[in-house]
Structure formats: C-alpha cells, structure tokens
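# Secondary and tertiary structure notes
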Amino acid sequence: MEVKVTRVSEPGTRPKDEDLGFGTVFTDHMFVMDYEKDKGWVNARIEPFGDFSMSPASMVLHYGQAVFEGLKAYKTEDGKIQLYRARDNFARMNRSSQGLCIPEIDIDFVMDALKKLLKIEEAWIPETPGTSLYIRPTIVATDPFLGVRASYTYKFFIILSPVGSYYAQGLQPVKIWVCEDHVRAVRGGVGEFKTPGNYAASLLAGEKAKKEGYNQVLWLDGIELKYIEEVGAMNIFFLINDELITPMLNGSILPGITRFSVIELAKKWGIKVSERRISIDEVIAAADNGTLQEMFGSGTAAVVSPVGELRYKDRVIHIGDGTPGETCMKFYNAVTDIQYGKAEDTQGWIEVVE
Ligand SMILES: *Cc1c(COP(=O)(O)O)cnc(C)c1O
C-alpha cells in the first residue's frame, strides 16, 4: 500500500522549547488509514492535521472500542531523529487490539509510515535536552451503529505533539496516595491493554488524591486490595534491601516498555531484580524497619519518577531525603543517554529515522 501525501500550504511554527508543555500543540500533518470489512487497512495517507468528520453514532463514542499508544522521537546533538523501542509499542498496540476485538496493523508498514511522517515534520522536533516529539497512535471504531458488537470499520491515526522537558526543574520526588475506595482494573479485564476506558475509570480516584494533596494514585489489586499494581500511567518499582522489586504482570497491569527497559538494565548491571507479588504491607514493613531504600515509577513521559512520599490509610511514609535516589537516577541517565544518542545503544533499542 502506498502512503499518499498531501501537504499543508502554510507550515505552522513550533513554539519555543521553553514554552512547551504536554499534549497541547500538534504538528502540521497526521497519518491516517481506514479499515474496511473484507478489504482490511486501506487509504493510507499523510494529510494536514485537522478535525475528523464522523457520525455521532460512531461506535467508539458509545462503547469505547479503541486502543492507543504513547512513544517519542528524540533529536540527537548531531541532528539525527531517533525512535526508542517503537516496534515494541506497535506490538503492544496489536496485543491491546486483540483484547478489544480490533483488527491488527502491519508493524513494518506502520513503522515506515511513521518515519515518513517524522521526516516531513522534522522541524517540529524540539532540540533542547529533555524535550521530544510525543507520538500518539490511536485506533477507534467507526461503524455508525448503536448495537453492542465489534465494529466492522476503524480509523487508525498518528498525531504528533512537541513536548517540553518533564523535568525542567530537575527530578522532583512525587507524592503518592494508595487508593482503597476504587480499583483500576481486575484480572480478566482490560487493565493490561492501553484502552481509553481504563483512564476514564481512574479519574475519580485521581481527583480524590489531588484533593488530599497527592500527585498520583497507587492502585492495589481489585480482588483483595492487598497487592500493589501500578501508578496512574506508570509502572512501579521498589528498592528494598538491595532487591529491585516490581509487581509481576498479572493481566491487570499495563506492560510498560520503560518497565522492561529498567528490568533489562538492572539485570545487565547485576542488580537483583524480581518480578513478583508485593503487598502494601510488605512496603510499609520495609519502611518501618529501614530497608525501603527507593521507590519510583516508570513510563514514557518521565522515564522514571522518584516517589518521595506515600500515604496509606493514616500512615504517611517518607522515602529518601527529598532528592531522587541513586538507583533511580542511574536508570534515568542510562535510558535518556540512549534516547538522545549520548550513549551507545547496546540493547538494540534505537531506530534512526533516515
Ligand atoms: C502507558 C502506561 C504505562 C507505561 O508504559 P510505557 O510503555 O513505559 O510508557 C504504565 N501504566 C499505564 C496504565 C499506562 O497506560
């Protein structure tokens, strides 16, 4: 399939790097293709970024049949565009699609289309350290139909957004609230898929956490409210007694690509790393006996995000001295050095866009 390119007549201008936030500014073009029953994915095109026209009866608007991804393109000091584990994102998108009865995409085709789009939008990729071009691939169900079934038609699109440095002020430890009133996902549900409903389901708890002065929610398992799952849009790690622990993938946790990167690097560095069940009681006990050394989240947006305070019921636990832990920083530096081309990509994680 050819990718038809229609360019804007007047390219827009990228805001100054220091004015960039997250997810508010979009580039001139987007990639779009449609899925039709019996034909598969057709009509691949790069066209000016703009509104879609769709029926108010479109199935995605009623039943939420959709999946998405989040990844970034980075500009190196010598002007190259680099993608980080992008194929892993599209492979995960296909797994999410399977879970939501959405047809899969051809990863090689979509990678080529993304690279073509990135070449066209090269001027939109910010260059200041820490900034990047956020990439949001999405698939939505488009049948105009109010019955409940899997749609026969879909739209796949990739939009791009230049984003500022998550840590313009340096790595700030965040405050996390352990949620006991709500759960994010349950075993056998859709928690391991990047599908919009999971995020809608997390909003109320997020609002409650904010009211209590906390940045994010730490979710416990949906059955016993005992075992730790993850944080909002990040996976979670604990360093206890020199063992790096992250909850094992159990079907309700999103399999983060940054999570895999942290685990791979930890193994390479000889850190003892365990993917296992970890209860909130074990974390509290470790805090009490002084063996809880570090706690941090992992995700594409921040890479790693140190946790400085954890609240569970009436307990408030402080972790570290208000600065990011040594291990957390080591992961941050190693991953970002690879992403920005400052360190050799020994893991085979980088694809240069040429
Ligand atoms: C996207 C996401 C993550 C992190 O995944 P990365 O691939 O590392 O960005 C973790 N948890 C949830 C719920 C997510 O949506």
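Residues numbered from 1 in each chain as written. Predicted model: local features only at pLDDT ≥ 70, side-chain atom pairs only at ≥ 80, totals over all residues. Heavy atoms only, no water.

Another point: the overall build of the chain. Helix and strand counts for the chain come out as eight helices and 18 strands. Over its C-alpha trace the chain gives a radius of gyration of 21 Å, about what one expects of a compact globule, namely 20 Å for 354 residues. For the chain, the spread of C-alpha atoms along the three principal axes comes to 60 × 55 × 35 Å. The buried share among the 354 residues of the chain stands at 52%. Considering only residue pairs separated by 6 or more positions, the chain has 71% of its internal contacts joining residues 24 or more positions apart. Accessible surface computed for the chain: about 16100 Å², of which carbon and sulfur atoms make up 49%. Across the chain, the centroid of the 39 positively charged side chains sits 2 Å from that of the 49 negatively charged ones. (Helix = DSSP H or I, 4+ residues; strand = E, 2+ residues; numbered from the N terminus. Rg over C-alpha atoms; globule rule 2.2 N^0.38 Å. Buried < 20%, exposed > 50% of the residue type's maximum accessible area, 1.4 Å probe, protein only. Contact = heavy atoms within 4.5 Å. Areas by Shrake-Rupley, 256 points an atom, 1.4 Å probe, with all protein chains shown as cover. Lys, Arg positive; Asp, Glu negative; His and termini not counted. Charge placed at Lys NZ, Arg CZ, Asp CG, Glu CD.)

A word on the site of the ligand. Looking at the ligand, there are 15 residues lining it, with Lys194, Tyr199, Glu230, Thr258 and Thr300 nearest. In the model, an oxygen atom of the ligand is placed 2.7 Å from a nitrogen or oxygen of the Lys194 side chain. Residue Thr300 places a side-chain N or O atom 2.6 Å away from an oxygen atom belonging to the ligand. Compared with its free state, where it exposes 370 Å², the ligand has 96% of that area covered by protein. Each residue belonging to the shell around the ligand can be placed in one class, and the counts come to five nonpolar, six polar and four charged. (Near = heavy atom within 4 Å. Polar contact = N/O pair within 3.5 Å; in protein donor to acceptor, adjacent residues only side chain to side chain. Nonpolar A, V, L, I, M, F, W, Y, C, P; charged D, E, K, R; others polar.)

Of note, the phi angle at Arg85 is positive, near 55°, even though the residue is not glycine. Among the secondary structure elements, Arg85 is positioned in the loop between β6 (81–84) and α2 (86–99). According to the relative accessible area criterion, Arg85 is buried, its value standing at 10%. Of note, the phi angle at Leu225 is positive, near 50°, even though the residue is not glycine.

What follows is about the UniProt feature "modified residue: N6-(pyridoxal phosphate)lysine" (unreviewed entry) in the chain. As annotated in UniProt, the feature "modified residue: N6-(pyridoxal phosphate)lysine" (unreviewed entry) corresponds to Lys194 in the numbering used here. Those residues in contact with Lys194 that lie beyond four places of it in its chain are Ala66, Val67, Phe68, Glu69, Gly70, Arg92, Ser96, Tyr199 and Leu254. (UniProt positions renumbered as here; feature names shortened; annotations may be inferred.)

The subject of this paragraph is the packing of α2 against helix α3 (residues 107–120). Two elements in contact, α2 and α3, have axes whose closest approach is 10 Å; the angle formed by their N-to-C orientations is 130°. If you check the angle between α2 and α3, you find them oblique. Of the two elements, α2 crosses α3, and the hand of that crossing is right-handed. On the side of α2, the interface is formed by Ala86, Arg87, Phe90, Ala91 and Asn94, while α3 contributes Ile107, Asp108, Val110, Met111, Leu114 and Lys115. Residue classes in the contact of α2 with α3 are distributed as seven nonpolar, one polar and three charged. (Axes fitted to C-alpha atoms, helices over the stretch in contact; angles between N-to-C directions. Parallel < 35°, antiparallel > 145°, perpendicular 65-115°, else oblique. Left-handed = near helix turned anticlockwise from the far one by under 90°.)

Another point: the domain arrangement of the chain. Annotation of the chain at the domain level lists domain 1 (4–165) and domain 2 (174–339). The straight-line distance from the C-alpha centre of domain 1 to that of domain 2 is 27 Å. In this assembly, 19 residues from domain 1 lie in contact with 18 residues from domain 2. Carbon and sulfur atoms make up 58% of the area that domain 1 and domain 2 hide from each other, which totals about 1700 Å². When the buried surface of domain 1 facing domain 2 is broken down by residue, Phe68, Tyr84 and Arg92 rank first, second and third, together holding 36% of it. If you look at where domain 1 meets domain 2, you find one salt bridge. (Domains from an automatic or database assignment. Buried area = accessible area lost by both parts, 1.4 Å probe. Salt bridge = Lys/Arg side-chain N within 4 Å of Asp/Glu carboxyl O.)

Next up on the list: helix α5 (residues 203–211). Taken together, the buried positions of α5 are occupied by Ala205, Gly206 and Ala209. Down the axis, α5 shows its buried residues gathered within 100° of arc, on one side only. For α5, exposure combined with an orientation more than 90 degrees from the buried face picks out Leu203, Leu204, Glu207, Lys210 and Lys211. On the buried face of α5, the contacting elements are β9 (174–178) and β10 (216–220). Gly213 lies just past α5 and shows a positive phi near 90°. (Arc of directions from axis to C-beta.)

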